[in-house]
Amino acid sequence: MDLEIIEIKRDISNFFHNNKERYENFNKLQEYLDHINENTYSLAIQFIEQRKNFFFQDHPTTIFFLVNMIYTAEYNFKHIEHYFDVLVYFKQEIIRGANSEEEILCLCSIYPISVNYLFYKQFFSIESIFKISSTDKYIFTIFYPEIEQYDQEYAQKCASRYFQYKSDKLYYFYTFAKSNPKQHIQYRNSFYHQSRLHKSIRDDDVDTFQSLLSQNNFNINHKIEHSIFERAKTLDDDLTLIQISALYGSLSI
C-alpha cells in the first residue's frame, strides 16, 4: 500500500492509466453490492463470473475482493446472506488465491458474524477453526461445541486459559455453549440476537412488542444486552429499545 501511494504521488495520470481496469471493475462491482437483494444477487454473481480471471488473478486482488465483500456486508447487515453466499459461490477461487484457509478466517474476524455464516455453509473446516481458536477467544467461544467434540482435552485447557475471570464478557456465552451446545448452535445459525423482544423490534411487530413489555414489566428505557449472535455491529454493547428500532428501521415500533 505504501508503494502504491508513492507511485500515485509520482505520476497520478500514469497510475490511473495503468490501473484503469482495476478501478473500473471494483467500482462496478460495488454498484452491484450496494444494491444487492434476492433479485439482484444473481446479477452480481454473473458480473463476477465474467471477470473471474481479474478478481482472482493473484493474492492481493483476491484478498481485496474478500475484504471489500466483508466490509460491505457489515454496513448492509440486513442482507448478509447474499454477500456471504457470493463468497461461498466463489469458494474455490478465493481459497486458491489466498495463502491458506486460516488467512481467510482471520480476515473474516473483522466482522465476526461472517465466520459463523461461512462455517454454517461449510466454507471453513473444523480443522481451521481449531487452529485459530488457540489465539482467538471469540472463535473458541462461538465454536466451543465443535471444538470440544474435536478435542476435549484441548477445549478444557483453552477454556481455563481464556476464562480465568468470570467477569469476562464472553464468559456467559462460553458457559451457555458448554451447558446447552445444541441451543447455542441454533442461536449461532440464526445470525440474529436470540432475544424475543429484540426479534419483535426487528420484525416491527407492535403487538408482540407491547405484550413482552407488559409481561416483563420493561419500561421504554430498558436496554437489551449485547449478544455475540447478533449481526448488527454497533459501538455500544447494550442498546436501548429505541436504538434497536432505529438500527432496523422499525417505524411502527
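The model shown is predicted, which means the values in this text are computed figures rather than measured ones.

A.B. asks: Which residues make up the overall build of the protein chain, and what values do they have?
C.D. replies: Looking only at helices and strands, one finds 19 helices and two strands in the protein chain. Counting only contacts in the protein chain whose residues sit at least 6 apart along the sequence, the fraction spanning at least 24 positions is 62%. Carbon and sulfur atoms form 49% of the exposed surface of the protein chain, whose accessible area is close to 14400 Å². Looking at the protein chain, you have 26 positive and 34 negative side-chain charges, and the mean spots of the two groups are 3 Å apart.

A.B. asks: Describe helix α15 (residues 171-179), with residues and values.
C.D. replies: Within α15, burial applies to Phe-173, Tyr-174, Phe-176 and Ala-177. On an axial view of α15, the arc spanned by its buried residues comes to 165 degrees, and they lie on one face. Facing away from the buried surface of α15 by more than 90 degrees, the exposed residues are Lys-178 and Ser-179. Buried residues along α15 sit against α12 (137-142), α13 (144-150), α14 (152-162) and α16 (181-188).

A.B. asks: So what's going on with the side chain of Glu-93? Which residues, and what values?
C.D. replies: Mapped onto the elements, Glu-93 comes out in helix α8 (residues 91-97). Excluding its chain neighbours within four sequence positions, the residues that come into contact with Glu-93 are Lys-52, Phe-56 and Thr-62.

A.B. asks: Tell me about the packing of helix α4 (residues 41-50) against helix α7 (residues 80-89), and please be specific about residues and values.
C.D. replies: Packing of α4 against α7 brings their axes to within 10 Å, and their N-to-C directions diverge by 35 degrees. You can see that α4 and α7 cross each other, and the crossing is right-handed. In this structure, α4 uses Tyr-41, Ile-45, Ile-48 and Glu-49 to contact α7, whose residues at the interface are His-82, Asp-85, Val-86 and Tyr-89. Considered class by class, the residues forming the contact of α4 with α7 number five nonpolar, one polar and two charged.

A.B. asks: Go over unusual backbone geometry with me, naming the residues and quoting the values.
C.D. replies: Residues apart from glycine generally show negative phi values, whereas peptide bonds are mostly found in trans. For Asp-204, which is not glycine, the phi torsion reads 55 degrees and is therefore positive. Its place among the elements puts Asp-204 in the loop between α17 (196-202) and α18 (206-216). By relative accessible area, which is 24% here, Asp-204 ends up partly exposed. Positive phi values are uncommon outside glycine, yet Asn-217 reaches one of about 55 degrees. The residue Asn-217 is located in the loop between α18 and β1 (223-224) in this model. Given the relative accessible area of 71%, Asn-217 is considered exposed.

A.B. asks: Explain the packing of aromatic side chains to me, and be specific about the residues and the numbers.
C.D. replies: Throughout the structure, instances matching the rule amount to 33 aromatic pairs. Between Phe-84 and Tyr-111, the ring centres sit 6.2 Å apart and the planes meet at 45 degrees, which makes this aromatic pair tilted. In this pair, Phe-84 is assigned in helix α7 and Tyr-111 in the loop between α9 (101-108) and α10 (113-120), connecting sequence segments 27 residues apart. Summarising the burial analysis for this pair, Phe-84 and Tyr-111 share the class buried. Where Phe-163 meets Tyr-174, the ring centres are 4.7 Å apart and the plane angle is 15 degrees; that geometry is what we call stacked. Placement of Phe-163 in the loop between α14 and α15 and of Tyr-174 in helix α15 is noted, with a sequence separation of eleven residues between them. Within the aromatic cluster, the residues linked to one another by ring pairs are Phe-26, Tyr-32, Phe-47, Phe-54, Phe-55, Phe-56, Phe-64, Phe-65, Tyr-89 and Phe-90. Above the plane of the ring of Tyr-162 lies Arg-161, whose end atom (NZ or CZ) is 4.7 Å from the centre.

Definitions and limits used
Residues numbered from 1 in each chain as written. Predicted model: local features only at pLDDT ≥ 70, side-chain atom pairs only at ≥ 80, totals over all residues. Heavy atoms only, no water. Helix = DSSP H or I, 4+ residues; strand = E, 2+ residues; numbered from the N terminus. Contact = heavy atoms within 4.5 Å. Areas by Shrake-Rupley, 256 points an atom, 1.4 Å probe, with all protein chains shown as cover. Lys, Arg positive; Asp, Glu negative; His and termini not counted. Charge placed at Lys NZ, Arg CZ, Asp CG, Glu CD. Buried < 20%, exposed > 50% of the residue type's maximum accessible area, 1.4 Å probe, protein only. Arc of directions from axis to C-beta. Axes fitted to C-alpha atoms, helices over the stretch in contact; angles between N-to-C directions. Left-handed = near helix turned anticlockwise from the far one by under 90°. Nonpolar A, V, L, I, M, F, W, Y, C, P; charged D, E, K, R; others polar. Phe/Tyr/Trp six-rings, centres within 6.5 Å; stacked < 30°, edge-to-face > 60°. Lys NZ or Arg CZ within 6 Å of the ring centre and 35° of its normal.

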